[in-house]
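Residues per chain are reported as follows:
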Amino acid sequence: MTPDASDGRGAYTTNAAVSQPLTYFPVNAKISCMGYLKHGGREYEFEDRLLAHLQFVIGQKLKKQESFFLSWNKAHDQGDGRLSVWLSPYTGVAFHFSGSREPELSKAWVRALNALAHTPRGLLAISEDEANRFVKNNPDLV
């Protein structure tokens, strides 16, 4: 599987013939270990480092008993658009990492994801570069 960087957004791909999980690739990301977010009987594949940041932000929201959408952009070959899943404290969610080392969390990335998670649109999975731009454009983030 390879990222589709033609539109400048993150993308995911899946092999429908084999019914493999949906995959998210941040554009221009160095693809390394790929992990899974498991929810509602489905597996969604994310790069381990992004998944670690999502786990942190999702964990914080679920601890506060908050429900929200997690969304990410679909690949061009999947019809573009966005995929969203509803996360709540009453549904199970699991994180499976492929790598053996816990990735170091970026404060800027966590801040951007947390800010996005508190919008009506919900948590949007974005790349670290996109998060850095978001923080730069929103310097008042706590």
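Being a predicted model, the structure only gives us computed values, none of them experimental.

Engineer: Run through the sheet that holds strand 5 (residues 68–73), naming residues and quoting values.
Structural biologist: Pairing is mixed across the open sheet formed by 3 strands, whose spatial order is 6-5-8. Unpaired on one side and paired on the other, strand 6 (82–87) and strand 8 (123–124) mark the two borders of the sheet. The pairing of strand 5 with strand 8 spans 2 bridges and is classified as parallel. Residue pairing for strand 8: S71 is matched across the bridge by L124. In the packing of helix 1 (residues 48–63) onto the sheet, the strands contacted are strand 5, strand 6 and strand 8, and the crossing angle to strand 5 comes to about 160 degrees.

Engineer: Mind laying out the packing of aromatic side chains, listing which residues take part and the relevant values?
Structural biologist: For the structure on display, the rule yields 3 aromatic pairs. Ring centres of Y44 and W72 lie 5.2 Å apart, and the angle between their planes is 70 degrees; on these two criteria the pair is classed as edge-to-face. Taken together, the residues Y44 in strand 4 (residues 42–47) and W72 in strand 5 connect sequence positions 28 residues apart. As far as burial versus exposure is concerned, Y44 and W72 are alike and both buried. Measuring from ring centre to ring centre gives 5.0 Å for F46 and W72, while their planes differ by 75 degrees; the resulting arrangement is edge-to-face. Separated by 26 residues along the polypeptide, F46 in strand 4 and W72 in strand 5 bring together distant segments of the chain. Like F46, the residue W72 is buried in the burial classification.

Engineer: Please set out the confidence of the model for the chain residue by residue, giving values where relevant.
Structural biologist: Across the chain, the average pLDDT comes to 80, with 74% of residues at 70 or higher. Per-residue pLDDT stays below 50 along residues 1–29; that stretch engages in 83 contacts with residues further than four places along the chain or on separate chains.

Basis of the calculations
- In this convention, every chain numbers its residues from 1, walking through the sequence in written order.
- Predicted model: local features are reported for residues with pLDDT of at least 70 only, side-chain atom pairs are reported and counted for 80 or more only, and whole-chain, interface and lining totals are derived from all residues.
- Hydrogen atoms and water are omitted, and side-chain values are computed over all heavy atoms in the structure.
- Any two strands with at least two DSSP-identified bridges between them are counted as paired.
- Secondary structure elements are taken from DSSP: a helix is a run of H or I of four residues or more, a strand is a run of E of two residues or more, and numbering for both begins at the N terminus.
- The criterion used for residue contact is that any of the two residues' heavy atoms lie within 4.5 Å.
- All axes here are fitted lines through C-alpha atoms, helices being fitted over the stretch that makes contact, and every angle between N-to-C directions spans 0 to 180 degrees.
- Between rings of Phe, Tyr and Trp, where Trp is taken as its six-membered ring, a pair exists when centres lie within 6.5 Å; planes separated by under 30 degrees are stacked, by over 60 edge-to-face, and by other angles tilted.
- Think of it in three bands: with a 1.4 Å probe and only protein chains considered, a residue is buried below 20% of the maximum accessible area for its type, exposed above 50%, and partly exposed in between.
- Per-residue confidence from the predictor is given as pLDDT, running between 0 and 100.

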